[in-house]
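Reading the structure
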Amino acid sequence: MSSMPVTPAKKQPRSTTLTVRKTGAFKRELPDIFVSQTHFKRAMRKLKDIKPDVKIKNQRDRQRRYCASTLDGLMKGLTIPITEIMDNYKYTFKKLHPFEATVADLVIKSRVKKGLPDLSHIMSEVKTLRSSTSKLAKEYASQASKAASAIEAKDLLEEGTEKLKELYNSTINPQAICLEQLVDLQKDLRRIPVLELDTLTLVLVGTPNVGKSSIVRDVSSGTPEINNYPFTTRSVTIGHIVNKETEQRFQVMDTPGLLDRPVEDRNEMEKLTFASLAHLPTAVMFVIDPSGLAGEQSNLQAQLNVRKMLRERFPRRPWVDVVSKADLDIPQEVMDQMPEGYLNVSVKEGISMDKLRAVIEDLLGNKLKTMLNSIKEQKSNTNAEPELDAEVD
Ligand SMILES: Nc1nc2c(ncn2[C@@H]2O[C@H](COP(=O)(O)OP(=O)(O)OP(=O)(O)O)[C@@H](O)[C@H]2O)c(=O)[nH]1
Ligand SMILES: [Mg+2]
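Residues numbered from 1 in each chain as written. Chains lettered and ligands numbered in written order. Predicted model: local features only at pLDDT ≥ 70, side-chain atom pairs only at ≥ 80, totals over all residues.

1. Things to note about the pairing of strand S5 (residues 282–288)
- Of all 7 residues making up S5, 7 are buried, and the element is well covered by its neighbours.
- Burial along S5 is two-sided: the face carrying Thr282, Val284, Phe286 and Ile288 and the face carrying Ala283, Met285 and Val287 are both buried.
- Examined bridge by bridge, strand S1 (residues 201–205) and S5 share 5 bridges and lie parallel to one another. Bridged to Thr201 within S5 is Thr282.
- Relative to strand S6 (residues 319–323), S5 runs parallel, the two sharing 5 bridges. Following the sheet pairing, Val284 is matched in S6 by Trp319.
- Following the backbone out of S5, through helix H10 (residues 300–313) and into the adjacent parallel S6, one traces a crossover that is right-handed. (Buried ≥ 20, exposed ≤ 12 C-beta atoms within 10 Å, placed from the backbone. Helix = DSSP H or I, 4+ residues; strand = E, 2+ residues; numbered from the N terminus. Pairing = 2+ DSSP bridges. Right-handed = clockwise from strand over helix to strand, strands pointing away.)

2. Considerations on the environment of Phe34
- Considering the arrangement of structural elements, one finds Phe34 in the loop between helix H1 (25–29) and helix H2 (36–45).
- For Phe34, a count of 17 C-beta atoms within 10 Å translates into the label partly exposed.
- For the pair Phe34 and Arg130, spaced 96 residues apart in sequence, the C-alpha to C-alpha distance is 14 Å.
- Once residues lying within four places of it in the same chain are set aside, the contact partners of Phe34 are His39 and Arg42. (Contact = placed C-beta atoms within 7 Å.)

3. Here's the deal with the sheet that holds S1
- Spatially, the 7 strands line up as an open sheet ordered S2-S3-S4-S1-S5-S6-S7, and their pairing is mixed. In this open sheet, the two edge strands, each paired with only one partner strand, are strand S2 (221–228) and strand S7 (343–344).
- For S1 and strand S4 (residues 249–254), the ladder comprises 4 bridges, and the chain directions are parallel. Across the sheet, residue Leu202 finds its bridge partner in S4, namely Val252.

4. What about the nonpolar core?
- Grouped together as the largest cluster of nonpolar side chains are 94 residues, with contacts concentrated most on Leu71, Val103, Val126, Ala144, Leu202 and Leu204.
- Each of two domains, domain 1 (25–190) and domain 2 (201–382), supplies a minimum of three residues to this core.
- Dropping the residues within four chain positions of it, Val126 is found in contact with Ile82, Ile85, Met86, Cys178, Leu179 and Leu182. (Core = buried A, V, L, I, M, F, W, Y, C linked by C-beta atoms within 7 Å. Domains from an automatic or database assignment.)

5. Some points on the site of ligand 1
- In the vicinity of ligand 1 there are 17 residues, among which Lys212, Ser213, Ser214, Gly257 and Lys348 approach most closely.
- Of the residues in the shell around ligand 1, the class split is 5 nonpolar, 8 polar and 4 charged. (Near = placed C-beta within 6 Å. Nonpolar A, V, L, I, M, F, W, Y, C, P; charged D, E, K, R; others polar.)

6. Thoughts on the environment of Thr246
- In this structure, Thr246 sits in the loop between strand S3 (235–242) and S4.
- A count of 9 C-beta atoms within 10 Å places Thr246 in the exposed class.
- Once the C-alpha coordinates of Thr246 and Gly222 are considered, the two residues, 24 residues apart in sequence, prove to be 18 Å apart.

7. A short note on the domain arrangement of the protein
- What the domain assignment reports for the protein is domain 1 (25–190) and domain 2 (201–382).
- Here the side of domain 1 that touches domain 2 gets 7 residues from one element, more than from any other, and that element is helix H4 (residues 98–113).
- Across the side of domain 1 that touches domain 2, the residue classes tally to 5 nonpolar, 2 polar and 1 charged.

8. What to know about the packing of H4 against helix H7 (residues 177–190)
- Two numbers describe how H4 lies on H7: the axes approach to 10 Å, and their chain directions differ by 135°. One way to sum up the angle between H4 and H7 is to call them oblique. In this structure, the crossing between H4 and H7 has a hand that is right-handed. Residues Ala104, Val107 and Arg111 of H4 form the contact with H7, whose participating residues are Leu185, Asp188 and Leu189.
- Partitioned by chemical class, the residues of the contact of H4 with H7 number 4 nonpolar, no polar and 2 charged. (Axes fitted to C-alpha atoms, helices over the stretch in contact; angles between N-to-C directions. Parallel < 35°, antiparallel > 145°, perpendicular 65-115°, else oblique. Left-handed = near helix turned anticlockwise from the far one by under 90°.)

Here it is as structure tokens:
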């Protein structure tokens, strides 16, 4: 399982970013997995249809056949679901959208940080459990098929069943814990929020506390969804905007604040923000709070540094600079440092919010669409893979 890529190989075409698709592979695709003792009980339940073959008149032969078939049935009941789990994981991870692959990677890495085993380790344990099961069941089935008497065959069936049961009891066989671990990891993977990949998305970015979430709530139609990713206690708000004339739906994605710090210090949430910019069809709204009230992490220089870094990183993105909290008095020399062409808004007092909506409409409905179409065209002309912007780290 070590070959299973959590992050897709570099060569994987990124054209997937432009296809109509929803994320949520983990909710849709992953198999049902049961903790080890339940896994065993389920396999036992499947044995009820195996009956002694009345056509075999010799009692010893009949019992030999019955006991061997039962052990073989138990082996299949235990190992086939494991094979399905392994295949399913391999397949699901192989065809993940790059955004979801990054999110999965973040989920798994944050679990490893907490001391939990990573997926490849769990999968290799699961594989070993499967081989131990086959080996043990085959040994007993083979002995039972050659038993000296009907009683001996029955004893071998009982002993073999007991031994297999012990194999799936994690207090006796610590290795069986891998199924419990996989159930636990899968719970986290299934908690990954479902995002619409095909929907043009406005991503609000900025340092902490500058007013991003307030803007998302204000410009969204209906109630924005609150999404929780399994690697953070903070939530991410996803809103939607519907153009009344064209009925086109746009997505508005809130992100937790980015900090002015080097790539290697970025936390999972910051990486998530970069992944959404890199892999989803996004336009950027960079939010700046010049008031000095957003806290030290959001001092003006830090905000401008983060903006510069993002602008360089995603040079072709349709982009708007929004200066928030226009209801507060800001000295002119501070306003002079704002990026050219900014829009000054206040959610609190509703200043320029209609203008902001029009800007969003233009960014998503015109500029982003044009950018994506030119990428598509570039692809059909040259057969080259469409590039959005830089890879995530
Ligand atoms: N005066 C004023 N305060 C605002 C305005 N918009 C937001 N705030 C306040 O600014 C603070 C931060 O707002 P949020 O919308 O949570 O900011 P954020 O950028 O989402 O913060 P993080 O998610 O922590 O990065 C809150 O106390 C808001 O009430 C505004 O237009 N005017
Ligand atoms: Mg917020």
